[in-house]
Amino acid sequence: MTDPLNPDDRITLRLMEDTRADYELMRQWFLEPELQEWVWCDEKGEPPVTIERVMKKYGPRVKNPIDVFPYFILRDDEPIGYIQYYIQDNITMGIDMWVGILKERNNGYGTKALKQMVEIIHKKYPYVKQVIIDPDIENKRAIKCYQKAGFKHFGEMVDNSVILKICFEDE
């Protein structure tokens, strides 16, 4: 349970569940116009994303996480977004995330969720040396959020995405 007097406690993470409700939330977020600009939603010229497409893409990650681990971002125990980490290689993990509800953006929730995910990764995989995230170079809001969470740009780019990293020191 969260402490209403501590705003940092308002944001928590939970594993995405194999329920129709979780897939429906994902579908609703994918239909949000601003999110569609930056996140996988539909291929050009296709009809709006269906629940079946969401379940096909995310179901395997939820039911049998092997290299991608999906979570929901919760504010006061209610889902407001999605965050996942994935195994990039032996020393690198990657993160993808978004806040799916428009009114919940620009409140620092994404930054808090990202910090929590980095902490989860660092505790669960102490051998990991870096965590990366790769927003589109034009997605200034996301880049600012990631930098607030401690990610830094080291000059790397892939396609139209900037690679931001957190590097862990040997402990």
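This is a predicted model, so every value here is computed, not measured. (Residues numbered from 1 in each chain as written. Predicted model: local features only at pLDDT ≥ 70, side-chain atom pairs only at ≥ 80, totals over all residues. Heavy atoms only, no water.)

(A) Spatial organisation of unusual backbone geometry. Backbone geometry places D76, a non-glycine residue, at a positive phi of 50°. Within the fold, D76 resides in the loop between strand 2 (68-75) and strand 3 (78-89). By relative accessible area, which is 30% here, D76 ends up partly exposed. Unusually for a residue other than glycine, N106 sits at a positive phi of about 65°. Within the secondary structure layout, N106 lies in the loop between strand 4 (92-99) and helix 4 (109-124). Since its relative accessible area comes to 65%, N106 is described here as exposed. (Helix = DSSP H or I, 4+ residues; strand = E, 2+ residues; numbered from the N terminus. Buried < 20%, exposed > 50% of the residue type's maximum accessible area, 1.4 Å probe, protein only.)

(B) Structural view of the pattern of salt bridges. With the rule as written, the count across this model stands at eight salt bridges. Here R75 makes a salt bridge to E104, at a shortest N to O gap of 2.8 Å. Linking R75 in strand 2 with E104 in the loop between strand 4 and helix 4, this pair joins segments that are 29 residues apart in sequence. Taken as a pair, R75 and E104 share a single burial class, namely buried. Sharing partners across several salt bridges, the network here consists of R10, R75, D76 and E104. (Salt bridge = Lys/Arg side-chain N within 4 Å of Asp/Glu carboxyl O.)

(C) Spatial organisation of the packing of helix 4 against helix 5 (residues 140-148). Where helix 4 meets helix 5, the closest approach of the two axes is 8 Å, and the angle between their N-to-C directions is 50°. With respect to their mutual orientation, helix 4 and helix 5 come out oblique. Where helix 4 crosses over helix 5, the handedness of that crossing is right-handed. Across the interface between the two elements, G110, T111, L114 and K115 of helix 4 pack against C145, Y146 and K148 of helix 5. (Axes fitted to C-alpha atoms, helices over the stretch in contact; angles between N-to-C directions. Parallel < 35°, antiparallel > 145°, perpendicular 65-115°, else oblique. Left-handed = near helix turned anticlockwise from the far one by under 90°. Contact = heavy atoms within 4.5 Å.)

(D) Structural context of the packing of aromatic side chains. Summed over the entire model, instances satisfying the criterion amount to nine aromatic pairs. Pairwise contacts between aromatic rings join F69, Y71, Y85, Y125 and Y127 into one cluster. The ring of Y58 has R61 lying over it, and the distance from NZ or CZ to the ring centre is 4.8 Å. (Phe/Tyr/Trp six-rings, centres within 6.5 Å; stacked < 30°, edge-to-face > 60°. Lys NZ or Arg CZ within 6 Å of the ring centre and 35° of its normal.)

(E) Region of interest: the sheet that holds strand 1 (residues 11-15). A sheet is described by the order of its strands in space; here seven strands give the open sequence 1-2-3-4-5-7-6, paired in mixed fashion. Of all the strands in the sheet, the pair left with one neighbour each is strand 1 and strand 6 (152-158). Between one strand axis and the next, the sheet turns by 30° as a mean value, whatever way the strands run. With four bridges connecting them, strand 5 (residues 130-133) and strand 7 (residues 161-167) associate as antiparallel partners. The residue of strand 7 that forms the bridge with I132 is K165. Relative to strand 3, helix 1 (residues 20-30) is tilted by about 90°, and along the sheet it contacts strand 1, strand 2, strand 3 and strand 4. The sheet contacts of helix 3 (residues 51-63) involve strand 2, strand 3 and strand 4, and relative to strand 3 the element is tilted by about 75°. (Pairing = 2+ DSSP bridges.)

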